[in-house]
Amino acid sequence: MGFADQRFNVNLSILFTELPLLERPAAAAAAGFTAVELWWPWIDSPTPAQSELDALRAAIENAGVRLTGLNFYAGQLPGPDRGALSVPGEESERFRANVDVAADFAGSLGCTALNALYGNRIEGVDPAEQDALALENLTLAARAADRIGAVLLVEALNAPESPRYPLASAPAAVGVVDKVNAATGLDNARFLMDLYHLAMNGEDLPRVIERFAAQTGHVQIADSPGRGAPGTGSLPLEDLLDRLRAAGYEGWVGLEYKPGDRPSAESFDWLPREARAAR
């Protein structure tokens, strides 16, 4: 097996960011990839103008790539925020305003995975209140995802880089997945297994794969330490992805790493060009 047997996509919110947003899909295609994913691209607007949505849709379609994953509105990301859905007040309202906009955009491109980042703990707010709000908003998001035939992803981040984010382990994120599925009865909530974040948390990655592969709807990778391309750190990513395949995971693997001090197009030397097009 190995890297050549995986279905990779490129995260255009961390790779090719040296280019304007609308040029990134074509750059990914020029590098040999046929699938891409995105964080919510309009960090200041959960409801951008239709012309902006249409322009990005056209850029993706004209590049001949498939959008396979999209985040719901998550606040300032990149930046200090780690989601909006559990943050009382304006941010939660912005998330709700975004739910159908993001789902409709994803659906128009055949995208079948929507990621909902949980949000940071807020000083002075009872965590139980945030968790109740989160479940309410995740239920809305799961129903919107179901409407377009998509899964809702819940992601664990790492505590060193996101100390106020409460889902800082695989079991914590999967626990929320289970609550959402119980609340909706739709069974379309899934775990987003980001191997970089889990490694930064010091988790036993083979054990995580063994326990949670069946509940995993998407995988993302970067090497650790450093969040660079495979081979720049010490994670045995090829072996870990093989373990995932052996455990039954056949979905996408998102490349969500920093290219370093070089153009993004030069950061894929670890992956033969013939292995970049999704099969």
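Definitions and limits used
- All residue numbers here refer to positions counted from 1 along the written sequence of the relevant chain.
- With the structure being a predicted model, the display of local features is reserved for residues of pLDDT at least 70 and the display and counting of side-chain atom pairs for 80 or more, all residues being used for whole-chain, interface and lining totals.
- No hydrogens and no water enter the side-chain calculation; it runs on all heavy atoms of the structure.
- Secondary structure counts use DSSP, requiring at least four H or I residues in a row for a helix and at least two E residues in a row for a strand, with both numbered from the N terminus.
- The rule is simple: take the accessible area with a 1.4 Å probe, protein chains only, and divide by the maximum for that residue type; under 20% is buried, over 50% is exposed, in between is partly exposed.
- Any pair of residues with heavy atoms lying within 4.5 Å of one another is described as a contacting pair.
- Reported accessibility uses the Shrake-Rupley method at a 1.4 Å probe radius. Residues are deemed covered only where the shown protein chains occlude them.
- Charged residues are defined here as Lys and Arg on the positive side and Asp and Glu on the negative side; His and the ends of the chain fall outside this count.
- Here the site of a charge means NZ on Lys, CZ on Arg, CG on Asp, or CD on Glu.
- Two N or O atoms form a polar contact when they lie within 3.5 Å of each other; inside protein one atom must be a possible hydrogen donor and the other a possible acceptor, and for residues adjacent in sequence the pair counts only when both atoms belong to side chains.
- To estimate how far a helix should reach, multiply one less than its number of residues by 1.5 Å.
- The arc under discussion is defined with respect to the helix axis, by the directions toward the C-beta atoms.
- Strand pairing follows a simple DSSP-based rule, namely that at least 2 bridges must link the two strands.
- Angles shown run from 0 to 180 degrees and are taken between the N-to-C directions of axes, each axis being a line fitted to C-alpha atoms and, for helices, limited to the stretch in contact.
- Any angle from 65 to 115 degrees is called roughly perpendicular, while one under 35 is roughly parallel, one over 145 is roughly antiparallel, and all others are oblique.
- Note on convention: the crossing is left-handed when the near helix lies turned anticlockwise from the far helix by less than a right angle, right-handed when the turn is clockwise.

## What about the overall build of the chain?
Next up, step 1: Check the secondary structure of the chain and you find eight helices and eight strands.
Next up, step 2: Viewed in the frame of its principal axes, the chain has a C-alpha envelope of about 50 × 45 × 35 Å.
Next up, step 3: Every one of the 279 residues in the chain was classed for burial, and the buried ones make up 54%.
Next up, step 4: Contacts in the chain between residues far apart in sequence, at least 24 positions, make up 76% of those at least 6 positions apart.
Next up, step 5: Working note: accessible area of the chain is about 11000 Å², and carbon and sulfur atoms make up 50% of it.
Next up, step 6: Taking the 23 positively charged and 38 negatively charged side chains of the chain as two groups, their mean positions are separated by 3 Å.

## As for the side chain of N98
Next up, step 1: Turning to its location among the elements, N98 is positioned in helix α3 (residues 90-108).
Next up, step 2: According to the relative accessible area criterion, N98 is buried, its value standing at 0%.
Next up, step 3: Side-chain polar atoms of N98 contact the backbone nitrogen of Y73, separated by 2.7 Å.

## A look at helix α5 (residues 170-184)
Next up, step 1: Its 15 residues place the ends of α5 21 Å apart at the C-alpha level, agreeing with the 21 Å of an ideal helix rising 1.5 Å per residue.
Next up, step 2: Along α5, the positions that sit buried rather than exposed are A170, A173, V174, V176, V177, V180, N181 and T184. All buried residues of α5 lie within an arc of 155 degrees about the axis, which places them on one face of the element. For α5, the exposed residues lying more than 90 degrees away from the buried face are K179 and A182.
Next up, step 3: Residue S169 occupies the N-cap position of α5, its side-chain oxygen lying 3.1 Å from the main-chain nitrogen of A172.
Next up, step 4: Phi for G185, located one or two positions after α5, is positive at around 70 degrees.

## Looking at the sheet that holds strand β2 (residues 35-38)
Next up, step 1: In spatial order, the strands read β1-β2-β3-β4-β5-β6-β7-β8; together these eight strands close into a barrel with parallel pairing. When the angles between neighbouring strand axes are averaged without regard to direction, this sheet yields 30 degrees.
Next up, step 2: In this sheet, strand β4 (residues 113-115) lies alongside strand β3 (residues 66-71) in parallel orientation, the contact comprising two bridges. Residue N71 lies in a different strand from β4, and its bridge partner there is N115.
Next up, step 3: Sheet contacts for α3: β3 and β4; angle to β3, the most-contacted strand, approximately 170 degrees.

## Re the packing of helix α2 (residues 50-63) against α3
Next up, step 1: Their axes nearest at 11 Å, the elements α2 and α3 cross at an angle of 25 degrees. What the angle tells us is that α2 and α3 run roughly parallel. The element α2 and its partner α3 pack so that their crossing is right-handed. On α3, the residues that touch L53, L56, R57 and E61 of α2 are V101, F105 and S108.

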